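Chain and residue survey
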Amino acid sequence: MNQPTLPGRRIDGAAILDDLHACLTRYVILPSAEAVDAVTLWIAATHAQAAWAHAPRLVIRAPEKRCGKSRLLDIVEGTCHNPLITVNASPAAVYRAIGTDNPPTLLVDEADTIFGNGKAEANEDLRGLLNAGHQRNRPAIRWDAATQRLEKIPTFAMAALAGIGAMPDTIEDRAVVVRMRRRAPGETVAPYRHRRDSPTLRRIAARLAEWLGAHLAELESAEPAMPVEDRAADTWEPLVAVADHAGGSWPTRARTAVTTLTAEADDAGNVSTRIRLLADIRTAFTVLGDPPAAPTSELLAALNSDPEAPWADSGPAGLTGKKLGDHLREFGIKSDTIRFPVGQAKGYPRDAFTDAWNRYCPAPPAEQPETPAPEVTVPSVPTSFSEVTPGTDAPAGTDQSVPRTRRGHVPGTHQSVPAHQSVPALSSQNELGTDGTDIPRRRVTRRRA
């Protein structure tokens, strides 16, 4: 329960967030400063979930064991609002726990045992609950046979999931995702002991509840400026609202965390299979030379030939024409019989994909070509100079005459060049080395009168 704030007492929310931040970094090594800020703000937001229209999920994932995900979940449990932690729970039990006036913060450890390795379909009810509970007023409806009435069960609650590998993409799309990693040599943390350390964590939780519980109306009406849009904005808005309410450096740090972690999610390729297929088909058209249409067989060959794409695992023969059509039908794209130079075949016109590409996987803007450096015009040396009238050449040894050397001397030549021009020497065979030297003239013999 939230404790009333004493009259005239001012609570420093930024200081409470700073203490929570220090507590996190004492026990856990997180992958980045932005990740620490994001987890700090997510924990704080659980204490004001009555003010939010959306309940962001926190996904703590790791590539392997011993990356600190369970320890981080211990700290989250000790500092969040009304934690309910489990490693396995039936959807019915979770529904009943959430369906109260004061829903808990649901914490699921070892979530990969529920959703990993193709188990998501077997736990579709729990996944549906977590997806629906991201937004307020999305109850589950059940028929109560005992009372012969419909029953509406609330699903709205903050939730954190920790596990190895990715969670279902519909959950991660509604989550603040933190990718843990194993500690490097030299990175150390304090050991955590529940009996010894949990009282300190619960005191921080009580301070958060006192501070934020007294300002629920302000937080509910807050409309913070967001650096992202759509569902990402819905997910991150409670965290940014808490940061703005705290003040200090937290508003800037919160928005930096938003842009950094959402960019990491985009870079990690957190996209659905169908959107990945659209992007790969665009690449296939490019490989084929961007024809106006492509046979289905050629598109399938290009898709199945990529060893890093998921299509080769779609079956013994990889992705088939039927599976391709099933995926594309959701975007209103259908194959047709098209006349190609080699005959008729089933295929897809390229322009049938244009709208879907623009909406779901727009190509990155083309890189602007670098502005070429201005060309420096260097005057070329003429291949020959005009003949000089005998007796008018500059005196030998001046900078306007061509030095005459015993080696390379051509009898009977006279040439003068500007002072700034250099004339390459002749070769050892008395041949012209490069352009810029005069052509040897024939000796002129004057006849005596």
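Details of the structure are given in the entry above.
A brief structural summary. (Residues numbered from 1 in each chain as written. Predicted model: local features only at pLDDT ≥ 70, side-chain atom pairs only at ≥ 80, totals over all residues. Heavy atoms only, no water.)

**Observations regarding the overall build of the protein**
The number of helices and strands found in the protein is 15 helices and 10 strands. Counting across all 449 residues of the protein, residues that qualify as buried make up 38%. Pairs at least 24 residues apart make up 69% of the contacts formed inside the protein by residues separated by at least 6 positions. Accessible surface, the protein as shown: approximately 26,400 Å² in total, 50% of it carbon and sulfur. (Helix = DSSP H or I, 4+ residues; strand = E, 2+ residues; numbered from the N terminus. Buried < 20%, exposed > 50% of the residue type's maximum accessible area, 1.4 Å probe, protein only. Contact = heavy atoms within 4.5 Å. Areas by Shrake-Rupley, 256 points an atom, 1.4 Å probe, with all protein chains shown as cover.)

**Concerning the pairing of strand β9 (residues 336-340)**
Here β9 runs beside strand β10 (residues 343-349); their pairing, made up of five bridges, is antiparallel. Along β10, the bridge assignment pairs Thr337 with Lys346. Hairpin connection between β9 and β10: a loop of two residues separates the two successive antiparallel strands. (Pairing = 2+ DSSP bridges.)

**Some remarks on the sheet that holds strand β3 (residues 105-108)**
Within the open sheet, the five strands sit side by side as β2-β3-β6-β1-β7. Their pairing is parallel. Bordering the open sheet on either side are β2 (83-86) and β7 (175-179), each of which pairs with just one other strand. Mean inter-strand twist for the sheet, computed between neighbouring axes without regard to direction, equals 15 degrees. Across three bridges, the pairing between β3 and strand β6 (residues 159-164) is parallel. Along β6, the bridge assignment pairs Leu106 with Ala159. (Axes fitted to C-alpha atoms, helices over the stretch in contact; angles between N-to-C directions.)

**Describing the pattern of salt bridges**
Per the stated rule, a full pass over the model turns up 13 salt bridges. Between Asp19 and Arg207 there is a salt bridge; the shortest N-O distance is 2.9 Å. In this pair, Asp19 sits in helix α1 (residues 13-27) while Arg207 sits in helix α8 (residues 194-213), placing the two residues 188 residues apart along the sequence. Taking relative accessible area as the criterion, Asp19 reaches 34% and is therefore assigned partly exposed. For Lys322, the salt bridge goes to Asp326, with nearest N and O atoms at 3.1 Å. A residue pair is termed a helical-turn pair when its members lie 3 or 4 positions apart in one helix, as Lys322 and Asp326 do in helix α14 (residues 321-329) at four residues. When its relative accessible area of 32% is taken as the criterion, Asp326 is described as partly exposed. (Salt bridge = Lys/Arg side-chain N within 4 Å of Asp/Glu carboxyl O.)

**Quick notes on helix α12 (residues 273-287)**
A turn of α-helix holds 3.6 residues, and therefore any two residues three or four places apart point the same way. The terminal C-alpha atoms of α12 lie 21 Å apart, and with 15 residues this matches the ideal 21 Å at 1.5 Å per residue to within 8%. The set of residues buried in α12 consists of Leu277, Leu278, Asp280, Ile281, Arg282, Ala284 and Phe285. In the core, the buried residues of α12 are packed alongside β8 (293-295), α13 (296-304), α14, β10 and α15 (354-360). Downstream of α12 by a residue or two, Gly289 has a phi angle that is positive, lying close to 95 degrees. (Expected span 1.5 Å × (residues − 1).)

**A look at the packing of aromatic side chains**
Overall, the coordinates contain six aromatic pairs when judged by the stated rule. With 6.2 Å between their ring centres and 80 degrees between their planes, Phe285 and Trp357 make a pair best called edge-to-face. With Phe285 in helix α12 and Trp357 in helix α15, this residue pair connects regions lying 72 residues apart in the sequence. One exposure class covers both Phe285 and Trp357, and it is buried. Plain terms: the ring middles of Phe331 and Tyr360 are 5.0 Å apart, the flat faces sit at 65 degrees to each other, and that makes the pair edge-to-face. One end of the pair, Phe331, is in the loop between α14 and β9; the other, Tyr360, is in helix α15, and 29 residues separate them in sequence. A residue is classified by how much of its surface remains accessible, and Tyr360, at 45% relative accessible area, is partly exposed. Through a chain of ring-to-ring contacts, three or more aromatic side chains come together here, namely Phe285, Tyr348, Phe353 and Trp357. When the ring centre of Phe156 is taken as origin, the NZ or CZ atom of Arg136, which lies over that ring, is 4.0 Å away. A cation sits over an aromatic face here: Arg253 above Trp250, 3.8 Å from the ring centre. (Phe/Tyr/Trp six-rings, centres within 6.5 Å; stacked < 30°, edge-to-face > 60°. Lys NZ or Arg CZ within 6 Å of the ring centre and 35° of its normal.)

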